Every structure is written in structure tokens, then in C-alpha cells.
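So the chains spell out like this:
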Amino acid sequence: MIGLISATAAGAAARDRLAAAWPDRTRVYNGGAGEAVRAAFAECEQLVCFLATGAAVRLLAPLLGDKAADPGVVCVDEGGRFAVSLLGGHGGGANELAREVGGLLGAEPVVTTATDAVGLPGLDTLGLPYEGAVAAVSRALLDGEPVALAAEVPWPLPALPFSPEGAYTVRLTDRAVAPGEREVLLRPPSLVVGVGASRGAPADEVLALVGEALREAGLSPRSVAELATVDAKSEEPGVVAAAERLGVPLVTYPAPELADVAVPNPSCAPLAAVGTPSVAEAAALARGGELLVPKRKSVRADGRPAMATCAVARRPGRGRLAVVGLGPGARDLLTPRATAELRRASVLVGLDQYVDQIRDLLRPGTRVLESGLGAEEERARTAVEEARRGHAVALIGSGDAGVYAMASPALAEASDDIDVVGVPGVTAALAAGAILGAPLGHDHVSISLSDLHTPWEVIERRVRAAAEADIVVTFYNPRSRGRDWQLPKALAILAGHRDPATPVGVVRNASRPDESSRLTTLGGLDPATVDMMTVVTVGNTATRSVAGRMVTPRGYRWQEEPK
């Protein structure tokens, strides 16, 4: 919950805007500022104070305890110009909250955390449990000193400027080891504990067994991602309580699915009881991995039969592939989600000219794999291979990555062994449409006229279908030096079904500094004025030129009724 505190009418107005935008996330504290801050500090995870920073500091100072437990605090000035991350930038999430508040109120987020200031992700913001010398290692990264990454478990991390060797180390491990003097341990959620239990098994017995298994195997409980069992035990109180007390989800599988998992220690007892020869080992291995602790039984102090079994598997981190659309070129048409994915990636794959567009957005340490025109399939394979090695990869394309861009070849290469995220972008057709007016107001289609990889017979059939169906058409890749006859041929097909006066919009380099556009007609368009940087939009029989803009009516029935 986010506590909202204000002391003036102007602050209250901005406060109420936040409360209206985030009704389920916020709570307004009325009364005197001092009393409100004290109450919110005790009850909320984060605070937004519409106060002067000096006043906020004086009110907060007596309340400060541990940076790991104190709430994050953002201060917004009376004019609503700045959203200052004042307290708990990383641990309390105030840095991100300042950006959110700034985006909503139109305020400039002010973040002074050292790592954020130079574009480095904080070691305590990676979403992984951490231990050790965070401040010292972070300072070494900031100062450009060599910091080595010791990845005992592959895991997709964002970009950091690691070196092959160094006096400082970031160790990615699920082993129960203590950090060195100049070391940070990051605990990936790589361990899956499979659990079997008799009816009525106590939670304490399950927890004692799990703790002993991890301890004897030298594994860290902070790397346990989930408890797993068979569906029949999904509501077993001792198992449910054990997962809750460990702070991990309980994941269950149908017995037939577990029965298909090869395990070293099958048994007749669970087969008779729940329909699978293994519960603990099979549940631990249900999604693949390496069995680190074979099935073991609990030991009861009273000598009675064990009521719980467990096994532990290490599930390797899945690589992550984000296929990112950069939009038509203008920076303000690059979506915030695309920017976030670019900053999250440790490996960037893309066409060299697109990489140049967004190079300034990449974090220090991002590995860039760029190539020239005509290497689309190679870039797709490279991106998938890097993700399979456990990296966080961004594969970029212009416009929307799923429209004549990199998503299709990449997903044709990818299998279910990596996570794939699609990030939409503003397409060239949409960017051109906005410049021309509203040419896409009714049904429309995009057709690429490049026959380098698609036979012309196929392209022609699609153009003819669009012409016969009276659909607005946007032509991509309309004309190049080596392909100068396709556009005239496509226009001739459309001319067989549409009047020569049909509006046609021509936009070159939409949204870029050298953007140009013009409105002409189907009969008046000179194909020689078109190149590969151009999109051509041909209206349907209802499209009109209105005040110099290309407009295709939506076609509501009431618009056709006589007045």
C-alpha cells in the first residue's frame, strides 16, 4: 500500500489525482503532516509526500530504522514539477515509484542513487535474494574496477560491466556458502523441492525434512523456487502450510504426468495410493533439471513411520528472448515497454542501423551483436542461441517486430526451452496513416511488394484479392533500384477496380527528421518517385480527400442514411 500525505490545497489536488488513478494501491492520510507521516510510515510499504524535501526529512528522521525494512518515500513539490526518490530508492522501490508518479503527474523523476545515475542496475534490484558486500562491489562497478561474475548457475541477468577476473566478485549460486569480503552472492530460484506426504503429515515434519535435505546437500534455502507435489496432495494441510512458511508457491501435477517422469527410486506404495510410482522425485523433476537429492524420508522422534518424503532438483535458468519493435524511428514513438526491455537485456541483437538508433539506451556492459542488411535469419538464430545459453536477449526490429520484421524468423527457430516476450511497436503503416489523416478508418491490409523471398505470383494474388474486396492497401517495400516494375503492376491491378481519382498517400521516412508526405491519386502517382523508405497507402472506393487529409469513413450505417 502507498500512503499519500499532503499539507496544502495544491498538494491535496495532486494527491487526489494519484488516489483516483491508483485506487487499489493508495491510502490517503488526512490530518497534520507529522501525524500522517508517522501513521503511513508504520502501515505502508511506500509513501508519497506532497511536501518540501526539508520538511519530509525532518518528519522522517526519527522514524528511520533499517534500510532493508523502511518504506520507500517519494517527495513531490508543491508545483508538481519533480518527484524525488527520497528514501529507500532500491530496497523500498522509491526509484521506480518516482518514475511512476512522474509519468502520471507530468513531474520529472529525480533519482540520485549512484548506480541509477550512471545507468547500472543495482545489485539489490535484480529480483534475487542477495548477501554480502553490496555497497563495496557496487562502488567497484561504479569506479570501473574489474568485477568478475562467477555464474555457478546460468541465469538471465541484465547487463553489468563484468570482467573475466577481478578483486571483486558477484557469485550467482544456490549453494549454502558464505560471501567473501569483496563478494556479493545472488541466489537464483533454481531449486525445486518435491514433496510427498501421508494424510495428516504435520507441517513441522515436512519442514524439518526439507531443511535437513538442503543442509546436508549444501544448498541454500533462499534458492528454493517452489514446493512440488501430486494433485492429490494439493490441499494437504501440512504440505500447504510448509509452502507458506517457506514463502514459496505450491505447484502440483496430475498423477499420470508424474508417472511419465523417469526417476531413480520408484515405489509401489505411492502408485497404489495416488497413481504414480514417484511423487517427491517426479515432482522435483517434472519440468526437467538435475536431481541433487534423491528421495529421502522423514525421521520421527517417536519412532513411528515417516509421514513425509522429499527430493531436490536444480532447474536451470531459462533464457529470455524479448522481440522488440522500435517503432518507425522517432524516439517518442518508442514505447516505454520497449525501452524497459532494452535496458533489461544483457545481449542485444539487431541490424546495425537500428542498433545505432537506440545505443544510448543500453546499459553499460550490454553485449551488442549487430549485422547488416540481408542477415535476418542469421540474427534470429543468433538471438535464440544466446537465449538458450541462459542470457536475457533483446532482438530488435523497426516498426512492430511482428510485421515484416524479426519476430517471425525468431519464433520459427525458438522452442519451448526459452521464455519469449513480444513487445509491440508502432508500424510504418500506422505512422504513415497518422501523417496522412485517417486512411485506415475501415478495413485495411498491408502487402509487401518485395519478391526476393515471396514469389510474385503469390503477391499478385493478394493484391488482386484486396482490389476485388475494396480494402484499403498499404504497400511496404514498394520499389527499389532492382525492383522497379512491381509497384506499377500492383497499381494497375487496383486501377481495374477503383476510380483514377482514388486518394493515394505517399509517406517517406515517417516520423524521422527527413520525413516527407504527399497526397495524390491512383491515376496521378508516379512510381518513379517512390523508394524503399516509402510506404504507399491506396484508399478504397469510399476514401476521400478532406481539407488535404486522406479519410476513409468508418462506414457506420447511420452515416449512409439521408438527412
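Residues numbered from 1 in each chain as written. Predicted model: local features only at pLDDT ≥ 70, side-chain atom pairs only at ≥ 80, totals over all residues. Heavy atoms only, no water.

1. Digging into the overall build of the chain
Stated precisely, the cut-off is as follows: Each helix corresponds to a stretch of at least 4 residues labelled H or I by DSSP, and each strand to a stretch of at least 2 residues labelled E; elements are numbered beginning at the N terminus. Here's how the labels work: a residue is buried when its accessible area is under 20% of the maximum for its type, exposed when over 50%, partly exposed in between, all with a 1.4 Å probe on protein chains only. All accessibility values rest on the Shrake-Rupley procedure with a 1.4 Å probe; residue burial counts only the protein chains present in the view. Under this rule, positive means Lys or Arg and negative means Asp or Glu; His and the chain ends count for nothing. Throughout, a charge is located at the NZ atom of Lys, the CZ atom of Arg, the CG atom of Asp or the CD atom of Glu.
Counting its secondary structure elements, the chain contains 19 helices and 28 strands. Viewed in the frame of its principal axes, the chain has a C-alpha envelope of about 95 × 65 × 60 Å. A burial count over the chain gives 46% of its 563 residues as buried. Of the roughly 26500 Å² of accessible surface on the chain, a fraction of 52% belongs to carbon and sulfur atoms. Of the side chains in the chain, 56 bear a positive and 66 a negative charge, and the two mean positions are spaced by 1 Å.

2. Focus: the sheet that holds strand 20 (residues 419-423)
Definition in use: Note on pairing: DSSP must find at least two bridges between two strands before they are called paired. Working convention: axes come from line fits to C-alpha atoms, limited for helices to the stretch in contact. Angles between N-to-C directions cover 0 to 180 degrees. We call two residues in contact whenever any of their non-hydrogen atoms come within 4.5 Å of each other.
Taken together, the five strands give an open sheet; going across it, the order is 18-17-19-16-20, and neighbouring strands pair in parallel fashion. Of all the strands in the sheet, the pair left with one neighbour each is strand 18 (367-371) and strand 20. Here the average twist between neighbouring strands, direction ignored, is 15°. Pairing between strand 16 (residues 320-325) and strand 19 (residues 392-397): six bridges, direction parallel. Within the sheet, the bridge partner assigned to V324 lies in strand 19 and is I396. Against the sheet, helix 12 (residues 336-344) touches strand 16, strand 17 (347-351), strand 19 and strand 20, its axis set at about 140° to strand 16.

3. A word on the sheet that holds strand 13 (residues 250-253)
Spatial ordering of the open sheet is given by 13-12-11-15-14, a layout of five strands whose pairing is mixed. Each end of this open sheet is capped by a strand with a single partner; those strands are strand 13 and strand 14 (290-297). If you compare each strand with its neighbour and ignore which way they point, the axes differ by 25° on average. As paired strands, strand 14 and strand 15 (residues 308-314) are joined by five bridges and run antiparallel to one another. Opposite L291, over in strand 15, you have A313 as the bridge partner. Against the sheet, helix 7 (residues 203-217) contacts strand 11 (191-197), strand 12 (224-230), strand 14 and strand 15, and its axis sits at roughly 40° relative to strand 15.

4. Things to note about the nonpolar core
Our working definition: Here, nonpolar core refers to any group of buried Ala, Val, Leu, Ile, Met, Phe, Trp, Tyr and Cys residues whose side-chain atoms link them within 4.5 Å.
Within the largest apolar cluster, 23 residues are counted, with the highest numbers of intra-cluster contacts made by V193, V195, V210, L214, L227 and V312. For this core, the elements supplying multiple residues, two or more each, are strand 11, helix 7, strand 12, helix 8 (237-246) and strand 15. Top element by residues in this core is helix 7. It accounts for six residues. Ranked by size, the runner-up nonpolar core spans 21 residues in total, among them W456, I459, A490 and V530.

5. Section: the side chain of T366
As a reminder, the rule being used: Pairing of N or O atoms within 3.5 Å defines a polar contact, subject to two protein rules: one partner must be a possible hydrogen donor and the other a possible acceptor, and residues neighboring in sequence count only if both atoms are side-chain atoms.
With respect to the helices, strands and loops of the structure, T366 is situated in the loop between helix 13 (352-358) and strand 18. Given a relative accessible area of 14%, T366 falls into the buried group. A polar contact is formed between the side chain of T366 and the backbone oxygen of R363, at a distance of 2.7 Å. Contacts of T366, omitting those with residues within four sequence positions, involve A159, A345, S346, V347 and L348.

6. Details of helix 6 (residues 134-142)
The condition is simple: As used here, the arc is the angular range of directions from the helix axis to the C-beta atoms.
Every buried residue of helix 6 is listed here: V134, V137, S138, A140 and L141. Angularly, the buried residues of helix 6 cover 155° about the axis, an arc narrow enough to put them on a single face. The first or second residue beyond helix 6 is G144, which carries a positive phi of 80°.

7. Notes on the confidence of the model for the chain
Atomic detail in the predicted coordinates should be set aside for any region of low pLDDT. To keep it simple, the criterion reads: As a per-residue quantity, pLDDT reports the predictor's confidence and falls between 0 and 100.
Confidence along the chain averages 90 in pLDDT terms, with 98% of residues attaining 70 or more. Mean pLDDT across the secondary structure elements of the chain bottoms out at helix 19 (residues 557-560), with 58, and peaks at strand 23 (residues 472-476), with 97.

8. Quick notes on unusual backbone geometry
With a phi close to 50°, Y404 is a non-glycine residue in the positive phi region. Here Y404 is to be found in the loop between strand 19 and helix 15 (407-413). Y404 gets classed as partly exposed once you look at its relative accessible area, which sits at 44%. At D470, a residue that is not glycine, the phi angle is positive and equals roughly 55°. With respect to the element layout, D470 can be found in the loop between helix 17 (456-468) and strand 23.

9. Regarding the packing of aromatic side chains
Filter applied, for reference: Only rings of Phe, Tyr and Trp enter the pairing, Trp through its six-membered ring, and a pair is recorded when the two centres are within 6.5 Å. The plane angle decides the type: under 30 degrees is stacked, over 60 is edge-to-face, the rest tilted. For a Lys NZ or an Arg CZ to count as sitting over a ring, it must be within 6 Å of the ring centre and within 35 degrees of the ring normal.
Across all of its chains, the model carries two aromatic pairs by this definition. Geometry around W22 places R25 over its ring, the cationic atom sitting 4.3 Å from the centre.

10. Considering the environment of S516
Residue position: S516 is located in strand 25 (residues 516-521). Other than its neighbours up to four places away in sequence, S516 contacts V506, V507 and R508.

11. Focus: the pairing of strand 5 (residues 82-87)
Let me state the cut-off plainly: If you view a crossover with the strands going away from you and the path from the first strand over the helix to the second runs clockwise, you call it right-handed.
Relative to strand 5, strand 4 (residues 72-76) is paired through four bridges, and the arrangement is antiparallel. If you follow V74 over to strand 5, its bridge partner there is S85. Looking at chain direction, strand 5 and strand 6 (residues 108-110) are connected through three bridges and run parallel. For V84, the partnering residue across the bridge sits in strand 6 and is V110. One crossover worth recording links strand 5 to the parallel strand 6 by way of helix 4 (residues 94-105), and it is right-handed.

12. Re helix 7
What counts, and what does not: In this analysis, the expected span of each helix is defined as 1.5 Å times one less than the number of residues it contains.
Look at helix 7: 21 Å from first C-alpha to last across 15 residues, which is about the 21 Å you get at 1.5 Å a residue. Taken together, the buried positions of helix 7 are A203, E205, V206, L207, L209, V210, A213 and L214. Buried residues along helix 7 sit in contact with strand 11, strand 12, helix 8, strand 14 and strand 15. Backbone geometry just after helix 7 places G218 at a positive phi near 70°.

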